[in-house]
Structures are given as C-alpha cells and as structure tokens.
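Single-letter residue listing:
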Number of protein chains: 2
Amino acid sequence: MKPLSFSLDLKLPLPSPDDKRADVERLSETAAIEDIHVPLELMRALPTVLREKNFAIKPVFGITGPCTRLLEIDSEQVFGIAIDIGTTNIVASLFDLKSLKKISEKSMTNPQTVYGDDILSRMHFAMSRGAEELQRAVIGGLNSIITSLADDAKIKTPELFAVTVASNTAMTHLLLGLDVSNIPVEPYIPVVHSPDFLKAGELDLAANPEAVVYAFPNAGSYVGGDIISGILSLGIHKAEAPTVLIDVGTNAEIVVGMKDWLFVGAGAAGPALEGGIFNAGMRAQPGAIYRIDIDPVTHGVRYKTIGDAQPAGICGSGVIDLIAELFEKGIIDSMGRFRETAGVIRTENGPLFVVVRTERATIEVSEREINNFLRSKAAMFTSLHVLLKSLGLGFRDIDRFYIAGALGSGVRVRKAIGIGMLPDIPVEKYIPANNSSLSGAELLLTNGELYREVEKIRSMITYREMNTDTEFMKEFPDALFLPHLNPDILTNG
Amino acid sequence: MKPLSFSLDLKLPLPSPDDKRADVERLSETAAIEDIHVPLELMRALPTVLREKNFAIKPVFGITGPCTRLLEIDSEQVFGIAIDIGTTNIVASLFDLKSLKKISEKSMTNPQTVYGDDILSRMHFAMSRGAEELQRAVIGGLNSIITSLADDAKIKTPELFAVTVASNTAMTHLLLGLDVSNIPVEPYIPVVHSPDFLKAGELDLAANPEAVVYAFPNAGSYVGGDIISGILSLGIHKAEAPTVLIDVGTNAEIVVGMKDWLFVGAGAAGPALEGGIFNAGMRAQPGAIYRIDIDPVTHGVRYKTIGDAQPAGICGSGVIDLIAELFEKGIIDSMGRFRETAGVIRTENGPLFVVVRTERATIEVSEREINNFLRSKAAMFTSLHVLLKSLGLGFRDIDRFYIAGALGSGVRVRKAIGIGMLPDIPVEKYIPANNSSLSGAELLLTNGELYREVEKIRSMITYREMNTDTEFMKEFPDALFLPHLNPDILTNG
C-alpha cells in the first residue's frame, strides 16, 4: 500500500565504466518504477544533487494514474493533506505520509459563503461575474487551513506532496476554475467527471508546486466527489448486502448499493435541517441544542447543548428531537399543527412553542417552521422508499444504514423513526458515518492506487433524479404526515 | 498510422436528459481515446467552445506515451516540424500532419558555433559559464528556422502541434538546458536517456505552447538520438541480415546490426573530413569541389563544383577523390608522402599539391593535411573492422552498407575503396543514407506510435568504445597506409 505521494530511501549504484546509465534512468531503474515522468526542472537539478549526496537520496514520487511522477529528488519528510470542501464548511486533515499517521484536523467556514449560503447562488454569481473570484475565495480558504495545519506541526508547506479533495460537483468546478454555467440548467452537464491528477502549482495551493492534487471525480452534476468519496470510505461498492447512505443537506442524497451496483438518488429536499428550516437553526457547534425532552404533563422542556454552553440555537439532531417530542407528547397533530395545550403560545403570527428563552436568545418554533421540516423529512423518506422500490427492495432488505454528516453522530434514531423520517428497521442497523467524505479523501491520500477503485465506483453509479419521478410525486404528500399517512409503509415499505 | 499530433473531425452527441455525460468525457468517449489528459486551461475553455460550435469540433491530440494529450479544442490545420540538430548544421522540415505531406525544408548554421566549432568546446563553455546561453542560442536558431518555414507556407506558429528533434547526446542536453558536465568525463554519464515528451512552451519554441516535443533518446554519451533516429529511418533494427551505417564526422560512428541486435562503435576519428583536415575544407555548398580527376601524365586537375560555381573550397567527397587520385596516379606513396613528380611544389614548409588557384581562392594540399586524412580513414576503417570481428563477422557478411551525411550522396565508392577507407565489397551494397537522422525525425512526426520502436532500438543497442579497444590500437597503425599495410584485409577482413 503506497500513499498518493511516497518517498523511497535509495542508494543508486555508482556510475562506472561498466554502468554508464544516465542519471534519470539510473534513478528510475533503482526505484524499480515503470513509466516515471521526471519534470524538466528536476532533470536539470538531478546531476548536481545526485553527486552532492553521493547517489544516496530519498526521492519523492507521486501516483498520477498509470504514470508515476518524480516530485522531489531528495526530501526527509513527506506530508499530505486531505480536504472535504462542504458548501458551508471546509475540513482538512494533515498526514505524515511516511508513517501514514494522521497528525491533526481543522475546520473553517467556506469563505465562499459571502457569495451566497447555497451553492446555487454561488453558481449564479460565477455565471454573471466569472468564476475567478469564487475560485480565489475557496483557494484562499484552503491555503489558510493548510498553512495553519502546517505551522502547528512545524512543517514547511514545500514538504506537502499530496492533496486530496472531496466536494460536490459545483464546488470542485469552482475550485478548479471551471465553467459552472451548465451545471444548474437542464440537462445539468458538468465540464468534467474525472479532473485527472493536477499539480498544486496549477492551483496556487500552499504546498510543493509539484505536489499531486487529486480531486474526487463526480458522476454528474448532482452526484459529487463527496458522495463518491463517502462510498469509498464506507466500502459500499464492496458490500455483500444492500447498504444505504444518506446525507441530508440542501439536497437529500441517498446512496443504495452493494458490490455489483450503486444507485444514487438526489433531489431538492427543501431547506437544510441546520440552517433554513428554523430561525434558530444552527450548525452543531458549542451552544447548539442537540437533545430535547418534553415533560408529558407540564410540557416543560429539558435540553442539552453542545459543550454545555448557553443555548444559542438548535442543530439538526435537536430539530428531530423537538419535532418527535412535540408529536409524541400530543403538542402537534399528525399534520404538524399545534393543538391548544400547555406550552403553546398564541401570537398575531400564529401559534408558537418556546423551547427556551434567555437574555441572549429566544429559541422557538412556528407552524411554518414545522411545515418546512415536514417537507424535508417527507422528501428524504419518499426518495429512499421510491428508490428502493424501483430496485425491487424493501426496508427489510437493508443490511446497513449509514447516516452521514453531523446529524449521524447526534441523532436519536428512535426519535427519527417515530416521526417517519427513517424507516422502522432494527436500530443497530443504523451507523453514524460522520464525515465519510473526508474519510474517503484520507483513505486515498494514504493509498494512492485507490484512484482505480474510485473510477470503478464512478462507473458503477446510476443516478436517479427523484424530484421529477412520478412515484415520488405520488408518495410525497402522504409522507408529509406524522409519522406517515400510511404508517404501515414505515415498516413494510 | 497516426502522426505525433493528429486531429479528429468529431460531432459529439448533444447533451440530453438521457445523456448527461460531462463535456470532457463526452469528448474523449466520442474520440474513442483512452487515457486522455486534458490540461486545466483547455478544460476551462471547453464548455464555451463546444456550445459555440454546437458540439462539432476538430480537436487536436498529441501522443505522449501511454497517455494522449488534448492540445487544442478546435483547429482546422495541424502542422509539425522535424529537426536534425547537427553540431554544425540545423536542418528542419515542415509537414502538414493532416495530409502527411512534407511542405518544405530549410537548413542553417547552428548558432552555437560561435561558442566553439566542436561539441566538446561547447560543453566546456557550458560547464564554466552555465548552459543557459547555449540553450538560448540553439532555441533561437530553431525558432528562426521554424518561423521562416511557417512564414513561407503562410502558417501561424500556433498551428504547429508537434516537433521532433534528433541530435547527438550533448546537443540534446544543451537544447533541454540539462547539465552536460558529466558527459565528457569518465565514465561519460548523460543526465537522461529518454527525455520523455515535452511541451513546446517548456522550451519557448515557436509553436503552439501545448505542442508535443519529442527529442530522440540517446543510448549513452556517444550514441546520440541522431544515430537512433538514423537506425529507425533505415530500419536497421528490423533488417534480415547484417547492415552497416557509418557517419563520419568528428567522431566516426558505426552502427552494425540487424533485427536481433545492434552494436554502435564510436571513437574520435580525428578531424572532420569537411572542416578540420584541409585548410580549404568546406561543407557541401555551392562552390565546393566534390569531384576531382588527375591526368595520369601531366597531373593536371579537372574538377567539378557544386552549382558549377567558382571554386571556394573542397568538401568531403572531394577530399576522398583527391587522395584517391593522388595515390592512383603515383603522386603520393602508400605512406601519403609526395613523390618528386609533376604538380608537386616544394616550399619552405614542405611539398604541396595545388588543386586550383584562382584570384579568389587557393586550394592546395600538404603532407600534414594528407596525414590528417589518413588518420580519419584509418580510424573509420579500423573501427568497422574491429567491431565486425568482435561480432564474428567479416565484410562479406554485410548485406547493406549505408553511408550517412553529405558524404553519402557525393562520394565515389570505388575511390574510397581504392584508398582503403571502405571495405572492398560489391559497390551495389553501398547506399547513400543522406540525412538519415532528419528522416527518422520525419518518420516519427508522421507516425507517433513509433516512439515505442525507438525505445526498443535504444534498449537493443550495445555500445563499444573503439579508441580504448586493444584490437583497435593494434590494427590502427596498419590502416594509416594507402590502401592498407595488409591489403588482403580490405576484401577478406
């Protein structure tokens, strides 16, 4: 197993009248690597370095498809960076590619958010004003997180020889400065599926200019490299039985697959759980309410916040808890309307339920917000059901059910089942997948030949557009009910 | 058969809800080319060009080893340049790579000659003052010949998508800006044998910056790409019987080979026939005497000049004619010393024979000059004989005998045999090879996949250093005689 960029410890045979091989071939034959490409600049430096080091060197090579590229003639250290670029958040981790150990991880807000919270508004910005500004923004962000990781570890950025990036299709295009104008319009055509291996210098990334940059390929405008990276990290393409991966954001993305086939269904899921649904919505950060219980009699609220901080908002798992508790305790009915009961406040703008009110924040929920949530949960559930049904599968056929994202680690699965968001299958089948996209990027960083497996995954994927599916449109309205207009479907669907 | 850079006339299927392939993959799949590399800059331009042209384009691709590179998205014309860079002379030809027709050819003096007539003095210049100046000189020369060829044919240099270059090892290194300091010193190590496929932009060549540049590989410091190119063009590596190729310059380079094996012998041959031997020596240009007959009685000289111009000097084939006639007509003895006979003039500096004396030029020959020549012819003949003998072959085993360079087309083989320069085999076995090095570069330009065959040739070659060979040193003195101290060897050796 070779990392994407790897070094060798070589003692080249010394030139002699019986061994007149040229420096480059002496190096590649000693390294026993076929099809090595040596950039002209390194060819120019090679004779001097070889002789200064008496032909004992530690060259760094990069896997770049069928060919291997010489990245540096002699380096003691080889580090690499894996990155997940989310629409909102960038997460990067630093690896020592000699020991294959993860050194550290950092995250930051995607600097592109100033051009719009969602990817669609950023694409529109790029279409009217050019993609350069958005490219500079994301690269600036990457460079600040990379240099921060490197500084903390006392590493110089020229010692970074590999960068892997997983992100959705539009984000990868913006990173590479590619035209996004055909992505959001019918028939949704990206510029490229597999962007090939690039050099850090081509993108002005804070790394060795020769460093290999691998951007995960996409399988279409709505099946990004982040999903493919997730499939790789979870091994869904090698599973022995049907496996599901869901990632609920602005788009509900659902992967169903196993070793012989992979289907990805996607469609606008309505507003994101963590942002768009609730005025008080926030990401899973300190101060976010992630756990809610409501007293069955008094309807008083007990909650927990991340870091036990003062409550500042409510994150995805908190939203699910809240809706489930409101429904279980009879505060809302199966259509998400407030009943006249303790804890419900009448206002000019309609009824409200107050979760908590402090000097700093008021966290409450309206019928409009509940309705937003119901649209999201209905879209997700229906997409999954319709996709499985089209494959001749039911919920009982699912062997493992991965829940990606911040939601995965925090959600109480029984609550999500109770409101019909997730199917009613044994809870032990549900597995949090955390940041499976970053995990896939890390996996490829430490095992470069996996790019072949990634291409296999890409070619295995069949995409299903769910929004325009007639079955979806037929079933969606029933799923707006709590838990469902036809609850039997939750178990037997 | 595909040229090194080739265009296709493609109508890509239009994107549709049933065909959502990305632009890059739509292009490569329609072109039916595996492992296409699309540079980032072209990826950025692709969506716009495709849609402007309604998906009907003429993309240009370059063969760059196992991978194929996209060079231009849409171009009506595809031209290429083949170049032979000699130490003294640069010859280049322009090809239309769509029709595979040669358009024109030009030659010029290598601008590096101001840094020294021979390659060794240029290497010393590079070693003391850096290689950049010599690189700039040769690239300046190439660019002036390329733009001149392009201008005459009314072609824009960005329409040049391929350049092939054959030259000796040191010259190729100087062209690429590589360190030559280990080439002229034991054990004679080049930086690289196969420099891989480069881009014109990397070398600042006057062509499309993405154009594929292929420099023929070398098989050592004294077996250059020019020899390998010559072997390719003459098909020696595929011959059914032993074949010889000689190229007599500053170094006597001798190839002996056939389909299963290739031997190259080289060694300093003494001064070049066309330059260093005679004060009146010159290259085969208008005014050069190339044919000489001496009256057996009066010793009066009849000569012919190239272009029937006023005599300005004497070229290689003229030198051979002159020595042969002087020897045949008894004007010099078998040791190259002048006899006391008509036409021989005694001077303070020793005897002379005057070929022609006009108002503009005096063309004469001294014993010192004859001695220079005898050293060259002895080195060449002995190298050939010793190399063949070491392979268990004699002259009668030679099936074809190619004579490369300007010498090949002008020389009277019977005269060269008469002075023991060439072995006494049937004259019809001698074939002029002209500029076999340029021919090989042209062949590869028009049939790019031949790079695989070139690598095969390179790996087949075994190099024999002749100067230090004990057999060579034993036989060399005998070959200084006219025709040879042991004339039997000329026929039966």
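For the structure itself, consult the block above.
Right, let's walk through the structure included here. (Residues numbered from 1 in each chain as written. Chains lettered and ligands numbered in written order. Predicted model: local features only at pLDDT ≥ 70, side-chain atom pairs only at ≥ 80, totals over all residues. Heavy atoms only, no water.)

This paragraph deals with the pattern of salt bridges. Residue and element names in this part refer to chain A. Going through the model one piece at a time under the given rule, you end up with 52 salt bridges over all chains. Here Lys102 and Glu442 are joined by a salt bridge, their closest N and O atoms 2.6 Å apart. Of this pair, Lys102 sits in strand β9 (residues 101-109) while Glu442 sits in helix α11 (residues 436-446), and the two are 340 residues apart along the sequence. With relative accessibility at 37%, the residue Lys102 sits in the partly exposed group. In this structure, Glu328 and Lys415 form a salt bridge, with 3.3 Å as the shortest nitrogen-oxygen distance. On the criterion of sequence distance, the pair formed by Glu328 in helix α7 (residues 316-328) and Lys415 in helix α10 (residues 413-418) is long-range, its members being 87 residues apart. The exposure class assigned to Glu328 is partly exposed, which follows from its relative accessible area of 43%. Here Lys415 falls in the buried class, since its relative accessible area comes to 12%. Sharing partners across several salt bridges, the network here consists of Asp19, Arg21, Arg26 and Glu29. (Salt bridge = Lys/Arg side-chain N within 4 Å of Asp/Glu carboxyl O. Helix = DSSP H or I, 4+ residues; strand = E, 2+ residues; numbered from the N terminus. Buried < 20%, exposed > 50% of the residue type's maximum accessible area, 1.4 Å probe, protein only.)

This part is about helix α4 (residues 132-152) of chain A. All names here are of chain A. In a regular helix each residue adds 1.5 Å, so 21 residues correspond to 30 Å; α4 covers 30 Å between its end C-alpha atoms and thus fits that length. Here α4 has its buried residues at Leu134, Gln135, Ala137, Val138, Ile139, Gly141, Leu142, Asn143, Ile145, Ile146, Leu149 and Ala150. Count one or two residues on from α4 and you reach Lys154, which has phi positive near 55°. (Expected span 1.5 Å × (residues − 1).)

Of note, the amide linkage connecting Leu482(A) to Pro483(A) takes the cis form, showing an omega dihedral of -10°. A positive phi angle is found at Asp196(A), which is not glycine, with a value near 70°. With respect to the secondary-structure elements, Asp196(A) resides in the loop between α5 (169-176) and β11 (197-199). Within the chain, His299(B) stands out as a residue other than glycine whose phi angle is a positive 65°. Note on placement: His299(B) falls in the loop between β16 (288-294) and β17 (301-305).

It is worth spelling out the relation of the copies chain B and chain A at this point. For the pair chain B and chain A, the best superposition has an RMSD of 0.1 Å and corresponds to a rotation of 180° with a translation of 0.0 Å parallel to the axis. On the angle and the small slide along the axis, the relation comes out as a two-fold axis. Relative to the rotation axis, the C-alpha of Pro66(B) is the closest in chain B, positioned 4.1 Å from it. Of the interface residues in chain B, 100% have counterparts in chain A that sit at the interface too, so the contact is made through matching surfaces. (Least-squares fit on C-alpha atoms with pLDDT ≥ 70 in both. Contact = heavy atoms within 4.5 Å.)

The subject of this paragraph is the interface of chain B and chain A. Listed by partner, the interface residues are 43 residues for chain B and 45 residues for chain A. Summed over both partners, the interface of chain B with chain A comes to about 3,400 Å²; 60% of that surface belongs to carbon and sulfur atoms. Counting the contacts that link chain B with chain A gives zero salt bridges. Joining chain B to chain A, the criterion identifies 18 residue pairs in polar contact (both at pLDDT 80 or more). For the side of chain B that touches chain A, the secondary-structure elements that each account for two or more residues are α1 (23-31), β3 (36-37), α2 (40-52), β11 (197-199) and α6 (200-203) of chain B. In terms of residues, the side of chain B that touches chain A owes the most to one element, α2(B), which gives six residues. Counted by class, the side of chain B that touches chain A contains 21 nonpolar, eight polar and 14 charged residues. (Buried area = accessible area lost by both parts, 1.4 Å probe. Polar contact = N/O pair within 3.5 Å; in protein donor to acceptor, adjacent residues only side chain to side chain. Nonpolar A, V, L, I, M, F, W, Y, C, P; charged D, E, K, R; others polar.)

All names here are of chain A. Relative to the helices and strands, Asp333 is located in the loop between α7 and β19 (344-345). On the basis of relative accessible area, Asp333 is assigned to the buried category, the value being 14%. In this structure Asp333 touches Phe327, Arg339 and Leu482, once residues within four positions along its chain are discounted.

One finds Ile81(A), Ile83(A), Ile85(A), Phe216(B) and Ile461(B) to be the most contacted residues of the largest nonpolar core, which totals 102 residues. The greatest single-element share of this core, amounting to eight residues, is contributed by α4(A). Excluding residues that lie within four positions of it along the chain, Ile85(A) makes contacts with Ile90(A), Asn110(A), Val138(A), Leu142(A), Val165(A), Ala166(A), Ser167(A), Asn168(A), Met171(A) and Leu175(A). Counting 101 residues, the second-largest nonpolar core is a separate cluster that includes Leu4(A), Ala82(A), Ala92(B) and Leu149(B). (Core = buried A, V, L, I, M, F, W, Y, C linked by side-chain atoms within 4.5 Å.)

Residue and element names in this part refer to chain B. Within helix α3 (residues 119-129), burial applies to Ile119, Arg122, Met123, Phe125 and Ala126. One side of α3 holds all its buried residues, which, seen down the axis, span an arc of 155°. Elements that come into contact with the buried residues of α3 comprise α4 (132-152) and α5 (169-176). Regarding α3, its N-cap is Asp118, as a side-chain oxygen of that residue lies 3.2 Å from the backbone nitrogen of Leu120 further along. (Arc of directions from axis to C-beta.)

What follows covers the side chain of Asn143(A). Residues and elements named next belong to chain A. As for its placement among the helices and strands, Asn143 is situated in helix α4. Under the relative-accessibility criterion, Asn143 is labelled buried at 18%. The residues contacting Asn143, other than those within four sequence positions of it, are Asp204, Leu205 and Ala206.

We now examine the sheet that holds strand β5 (residues 60-64) of chain B. Residue and element names in this part refer to chain B. Across the sheet, four strands lie side by side as β1-β5-β6-β3; this open sheet has mixed pairing. Each edge of the open sheet is held by one strand with a lone partner, namely β1 (5-7) and β3. Where β1 lies against β5, three bridges are found, and the strand directions are antiparallel. For Ser7, the partnering residue across the bridge sits in β5 and is Val60. (Pairing = 2+ DSSP bridges.)

All names here are of chain A. On the secondary structure map, Leu444 appears in helix α11. The exposure class assigned to Leu444 is buried, which follows from its relative accessible area of 0%. For the pair formed by Leu444 and Gly307, sequence separation is 137 residues and the distance between their alpha carbons is 33 Å. Discounting residues that sit within four places of it in the chain, Leu444 has contacts with Leu4, Thr164, Tyr214, Phe216, Leu450, Tyr451 and Val454.

Here the focus is the packing of aromatic side chains. Going through the model one piece at a time under the given rule, you end up with 20 aromatic pairs over all chains. Residues Tyr115(B) and Phe125(B) carry aromatic rings whose centres are separated by 4.7 Å and whose planes lie at 55° to one another, so their mutual orientation is tilted. Within this pair, whereas Tyr115(B) is found in the loop between β9 (101-109) and α3, its partner Phe125(B) is found in helix α3, the two being separated by ten residues in sequence. Here Phe197(B) and Tyr214(B) contribute two aromatic rings whose centre-to-centre distance is 5.3 Å and whose plane-to-plane angle is 40°, an arrangement assigned as tilted. Here Phe197(B), found in strand β11, pairs with Tyr214(B), found in strand β12 (residues 212-215); they are 17 residues apart in sequence, far enough to count as distant. Among the aromatic residues, those joined into a ring-pair cluster are Phe197(A), Tyr214(A), Phe216(A) and Tyr451(A). (Phe/Tyr/Trp six-rings, centres within 6.5 Å; stacked < 30°, edge-to-face > 60°.)

Pairing is antiparallel across the open sheet formed by three strands, whose spatial order is β19-β20-β21 (chain A). For this open sheet the edge positions go to β19 and β21 (362-366) of chain A, each flanked by a neighbour on one side alone.

Residue and element names in this part refer to chain B. With four bridges joining them, strand β19 (residues 344-347) and strand β20 (residues 350-357) adopt antiparallel strand pairing. Looking at the pairing, Ile345 lines up with Leu352 of β20. Counted along the chain from β19 to the antiparallel partner β20, the turn is two residues long.

On a regular strand, each side chain points to the face opposite its neighbour's, so the side chains alternate between the two faces of the sheet. All names here are of chain B. Most of β5 is tucked away, with five of its five residues classed as buried. Alternating positions in β5 separate into two faces, Val60, Gly62 and Thr64 on one and Phe61 and Ile63 on the other, with burial throughout. By the bridge criterion, five bridges tie β5 to strand β6 (residues 67-72) in an arrangement that is antiparallel. Along β6, the bridge assignment pairs Phe61 with Leu70. Between β5 and β6, which pair antiparallel and follow one another directly, the connecting turn spans two residues, one of which, Gly65, has a positive phi of 90°.

By themselves, these observations are geometric and do not establish any function.
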